[in-house]
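# Working through the structure, step by step
Chain by chain, the residues run as shown.
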Amino acid sequence: MELVVSDLACARGGIPLLEGVSLRLDAGAALVLRGPNGCGKTTLLRTLAGLQPALGGTISCPPDAMAYAGHADGLKAVLSVAENLHFWAAIHGQTGVPEAIAAMNLTDLADRQAQHLSAGQKRRLGLARLMVTGRWLWVLDEPTVSLDAASVALFGSVVRAHLAGGGAALMATHIDLGLNEAQLLDLTPYRARAHAPDGFDEAFL
Amino acid sequence: MTTTTRPSLWEYANPVKFMRLTDWLLPLVGWAAAALVLVGLVWGFFFTPDDFRQGSTVKIIFLHVPSALMAINAWIMMLAASLVWLIRRHHVSALAARAAGPVGAVMTLIALFTGAVWGQPMWGTWWAWDPRLTSFLILFLFYLGYIALWSAIEDPDTAADLTAVLCIVGSVFAVLSRYAAIFWNQGLHQGASLSVAPGTRMDWAYKAPLYVAMTGFGLLFLALVLAGTRTEIRARRMSALMTRERMQA
Amino acid sequence: MIALLTRDLRLAIRAGGGFGLGLAFFLILAVLVPLGVGPEGRVLALIAPGILWVGALLACLLSLDRMFALDFEDGSLDLLATAPIPLEGVVAIKALAHWLTTGLPLVLAAPVLGILLNLPGPAYGWLVLSLLLGTPALSVIGAFGAALTVGLKRGGLLMSLLVLPLYVPTLVFGAEAVSRGAQGLPAATPLLLLAGITAGSAALLPFAAAHALRINLR
């Protein structure tokens, strides 16, 4: 189980953002992406998750290995916390909803509809979803947005448990999750040059 | 890239080469189209005998049939260009499909309008829910949807992809609609004006100018699509330059 | 897959508007048409098959734009696209859920509205049968239209423009089956053609719709 990315180039809205990105992630490891706003962290994560095609390079990863958590949590407002999780567990053919609820400290809210949760509570629910996907690699885009300090620590421990269980995590975050073992990767040097070899519109110049 | 030196048609899918080619080709096609349309129409309107049954009204055929022909051919060309875009991802082909949309829509409108003008004295009504008329009206709606989808999506490649999918699905449903319309109402429209079957219904005095007009309309369509594609390419070139500037900043 | 279906049905029931809105629209149309056309029974009987089919078609259209748009907005569609079920299956299930919440109630309500429109006696069976065979096609074709326009901010109106021409064959064969039935003519041919369109759409359009969704997600 490993993720190997070599010489990846990706674009957002037809504009090349990153090129030559190479990284490797083994089981039990965590990698934190850094870089200024707009440098392409989200684009890179979406490309890795298979939501958009890469401009170039290769991504090698076992199939159905990634669980993606983006800016939106994918929650249904009129479903309760437990129902939301049960749905995602069923989609992934997994169980373990009570454990996920307990791990993200949502036990008291289990029967509450998602529309009545606070922003931080919604975020916790969105992150609890990762635990019922049964996926090995967690791809996290700013997972700590709207979490308080205690919840950040809680999530940090959840990620650590996931790593200890042979999982891996790739995340874009500016907040220290307390994962001292995590490697850092600064994306700034990978910014695409103006003359990307196969940029979308280059053919027109 | 291929190492063969044999020139391939696909090379013109490169926008720069396409622009270079059409630099001299477009005026040629344009003038030929203008000449043929003019000759065909003048010949057809003024130098053909009146029909013994339909009188001089029949002469609108020289406008009606070529535009109807191009209305359908434009869609077929869009379908082919969409398939090329989806399979080989040549930008020129997507842009040519986009350029063909409005041209085809206008051709359909001309066919519908001239049909109404012809139908009024012949059938005593401007509009009848005849299968052919109905099919053309539905075709016009398909054109509208296609054009609207192109203009609604900002990202050019997304727009090209989605309109190509719509064009393919739309083609199937356009054919289905045609048969549905025939099933629904066997109409009063006369049979096809030109036919390769024996016992042709039209005299050469009519056919010759009609063929000229049809060729003229075909070239006119080609010229308009080439001009439209050139405009689209220039627009894309502009946005590409702006992107480059932004990235260098 | 089943989980997705039950979720969509549950959402339609809880969020409201899913079941009721299309049905209410259908009823209002069946009331407005006689008010516009006049109460003459003979005229109404003549146009009833067409009105009922056009009404069903428009009622279907009402709830289409929410089929993928809601999931797109709250991020569920991203997650479903990375889930182990194929996106084609997601489209098919969502179209099925749309049919169960919109199409099926219309089928069941249509005979009642047929009374309002003075539909001739022999036509009722054909009406229900044709709607039963035809409305699934409306949902699947609609799913394709919704998938094309999911990324657009005001996609609803555009979607109507794209979807309604695609509805033409379904409408023609469906309404034709009912009016033939009303006149006591054999109606099997249009009915079979209608079933063919439904089968073909259900088999092929999920692929086109899933392709459109993938394009819209990137």
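Residues numbered from 1 in each chain as written. Chains lettered and ligands numbered in written order. Predicted model: local features only at pLDDT ≥ 70, side-chain atom pairs only at ≥ 80, totals over all residues. Heavy atoms only, no water.

What follows covers the overall build of chain A. For chain A, the count of helices and strands is five helices and eight strands. Going from N to C terminus, chain A has its helices and strands arranged as β-β-β-α-β-β-α-α-α-β-α-β-β. Taking 205 residues into account, the globule formula puts the C-alpha radius of gyration at 17 Å, and chain A, at 18 Å, falls close to it. Each principal axis of the C-alpha distribution contributes one length, and for chain A these read about 60 × 35 × 30 Å. Looking at chain A as a whole, 56% of its 205 residues qualify as buried. Looking at chain A alone, contacts between residues at least 24 apart form 71% of all its contacts between residues at least 6 apart. Counting every atom, chain A has about 8,300 Å² of accessible surface; 52% of that belongs to carbon and sulfur. Counting 15 positive and 19 negative side-chain charges, chain A places the centres of these two groups 4 Å from one another. (Helix = DSSP H or I, 4+ residues; strand = E, 2+ residues; numbered from the N terminus. Rg over C-alpha atoms; globule rule 2.2 N^0.38 Å. Buried < 20%, exposed > 50% of the residue type's maximum accessible area, 1.4 Å probe, protein only. Contact = heavy atoms within 4.5 Å. Areas by Shrake-Rupley, 256 points an atom, 1.4 Å probe, with all protein chains shown as cover. Lys, Arg positive; Asp, Glu negative; His and termini not counted. Charge placed at Lys NZ, Arg CZ, Asp CG, Glu CD.)

Counting its secondary structure elements, chain C contains 10 helices and zero strands. Listing the helices and strands of chain C from first to last along the sequence gives α-α-α-α-α-α-α-α-α-α. Its C-alpha atoms give chain C a radius of gyration of 18 Å, within 12% of the compact-globule value 17 Å for 218 residues. In chain C, buried positions account for 57% of the 218 residues. Put simply, 82% of the contacts in chain C that link residues at least 6 apart link residues at least 24 apart. Treating the 11 positive side-chain charges of chain C as one cloud and the 9 negative ones as another, the clouds have centres 1 Å apart.

Right, let's get into the side chain of His 92 of chain A. All names here are of chain A. If you trace the backbone, His 92 turns up in the loop between α2 (81-91) and α3 (97-103). Looking at His 92, the relative accessible area reads 10%, which means it is buried. At 3.0 Å, the side chain of His 92 and the backbone oxygen of Trp 88 are in polar contact. (Polar contact = N/O pair within 3.5 Å; in protein donor to acceptor, adjacent residues only side chain to side chain.)

Our next topic: the interface of chain B and chain C. Taken together, the contact between chain B and chain C spans 26 residues of the former and 28 residues of the latter. Between chain B and chain C, roughly 2,100 Å² of surface is buried when both sides are summed, and carbon and sulfur atoms account for 84% of that area. When the buried surface of chain B facing chain C is broken down by residue, Leu 162, Phe 173 and Phe 183 of chain B rank first, second and third, together holding 29% of it. Inspection of the region where chain B meets chain C yields one salt bridge. Between Arg 218 of chain C and Asp 161 of chain B there is a salt bridge, with the nearest N and O atoms lying 2.6 Å from each other. Taken together, the links from chain B to chain C amount to one residue pair in polar contact (both at pLDDT 80 or more). Elements with a contribution of two residues or more to the side of chain B that touches chain C: α4 (131-152) and α5 (156-184) of chain B. It is α5 of chain B that contributes the most residues to the side of chain B that touches chain C, 14 residues altogether. (Buried area = accessible area lost by both parts, 1.4 Å probe. Salt bridge = Lys/Arg side-chain N within 4 Å of Asp/Glu carboxyl O.)

Side-chain pairs of opposite charge can arise whenever the charged atoms involved come near each other. Taken as a whole and judged by the stated rule, the model has 21 salt bridges over all chains. One salt bridge connects Arg 123 of chain A with Asp 73 of chain A, and the closest N-O pair in it is separated by 3.4 Å. One end of the pair, Arg 123 of chain A, is in helix α4 (residues 119-131); the other, Asp 73 of chain A, is in the loop between β5 (66-69) and α2, with 50 residues separating them in the sequence. Take Arg 123 of chain A: its relative accessible area is 4%, and that puts it in the buried class. A salt bridge links Lys 76 of chain A to Asp 74 of chain C, with the nearest nitrogen and oxygen atoms 2.7 Å apart. In this pair, Lys 76 of chain A is assigned in the loop between β5 and α2 and Asp 74 of chain C in the loop between α4 (66-73) and α5 (76-81), connecting two distinct chains.

With that out of the way, let us pick up the nonpolar core. In this structure, Leu 44, Leu 137 and Leu 170 of chain A together with Phe 68 and Phe 144 of chain C are the most contacted members of the largest nonpolar core, which totals 194 residues. The greatest single-element share of this core, amounting to 12 residues, is contributed by helix α7 (residues 123-148) of chain C. Counting residues domain by domain, this core receives three or more from each of domain 1 (1-65 + 138-205) and domain 2 (68-135) of chain A. With residues near it in sequence (within four places) discarded, Phe 144 of chain C still touches Val 165, Leu 166 and Val 169 of chain B together with Leu 166, Leu 205, Ala 208 and Ala 209 of chain C. Grouped together as the second largest cluster of nonpolar side chains are 10 residues, Phe 204 of chain A together with Phe 18, Ala 223 and Ile 233 of chain B included. (Core = buried A, V, L, I, M, F, W, Y, C linked by side-chain atoms within 4.5 Å. Domains from an automatic or database assignment.)

Turning to a nonpolar patch on the surface, a few remarks are in order. A cluster of nonpolar residues, Leu 38, Val 39, Val 42, Trp 43, Phe 45, Phe 46 and Phe 47 of chain B, forms a patch on the protein surface that exposes about 710 Å² of accessible area. Tracing the chain through its elements places Leu 38 of chain B in helix α1 (residues 15-46). (Patch = residues over 30% accessible without salt bridge, like charges linked within 9 Å, V, L, I, M, F, W, Y side chains within 5 Å.)

All names here are of chain A. Each assigned domain of chain A is listed here: domain 1 (1-65 + 138-205) and domain 2 (68-135). Between the C-alpha centres of domain 1 and domain 2 the distance comes to 23 Å. Each side of the interface is counted separately: domain 1 has 21 residues, and domain 2 has 15 residues. Taking both partners together, domain 1 and domain 2 bury about 1,500 Å²; carbon and sulfur atoms supply 66% of that area. It is Trp 138, Asp 141 and Leu 154 in domain 1 that bury the most area against domain 2; as a group they hold 28% of the surface buried on that side. Counting every contact that joins domain 1 to domain 2 gives one salt bridge. One salt bridge connects Asp 64 with Arg 135, and the closest N-O pair in it is separated by 3.7 Å.

This part covers the sheet that holds strand β4 (residues 56-60) of chain A. Residue and element names in this part refer to chain A. Pairing is antiparallel across the open sheet formed by three strands, whose spatial order is β2-β1-β4. In this open sheet, the two edge strands, each paired with only one partner strand, are β2 (15-26) and β4. Sheet twist, expressed as the mean angle between neighbouring strand axes with direction ignored, is 20°. Of the strand pairs in this sheet, strand β1 (residues 2-12) and β2 are connected by eight bridges, and their pairing is antiparallel. Bridge pairing links Leu 3 to Leu 25 in β2. Set on the sheet, helix α1 (residues 41-48) makes contact with β1, β2 and β4; between it and β1 the angle comes to about 125°. (Pairing = 2+ DSSP bridges. Axes fitted to C-alpha atoms, helices over the stretch in contact; angles between N-to-C directions.)

With that settled, the discussion passes to the packing of helix α1 (residues 2-15) of chain C against helix α6 (residues 87-116) of chain C. Residue and element names in this part refer to chain C. For the pair α1 and α6, interaxial distance at closest approach is 9 Å and the crossing angle is 35°. With respect to the hand of their crossing, α1 and α6 are arranged in right-handed fashion. Here α1 contributes Leu 4, Leu 5, Arg 7, Asp 8, Leu 9 and Ala 12 to the contact with α6, which in turn contributes Val 90, Ile 93, Lys 94, Leu 96, Ala 97, Leu 100 and Thr 101. Across the contact of α1 with α6, the residue classes tally to nine nonpolar, one polar and three charged. (Left-handed = near helix turned anticlockwise from the far one by under 90°. Nonpolar A, V, L, I, M, F, W, Y, C, P; charged D, E, K, R; others polar.)

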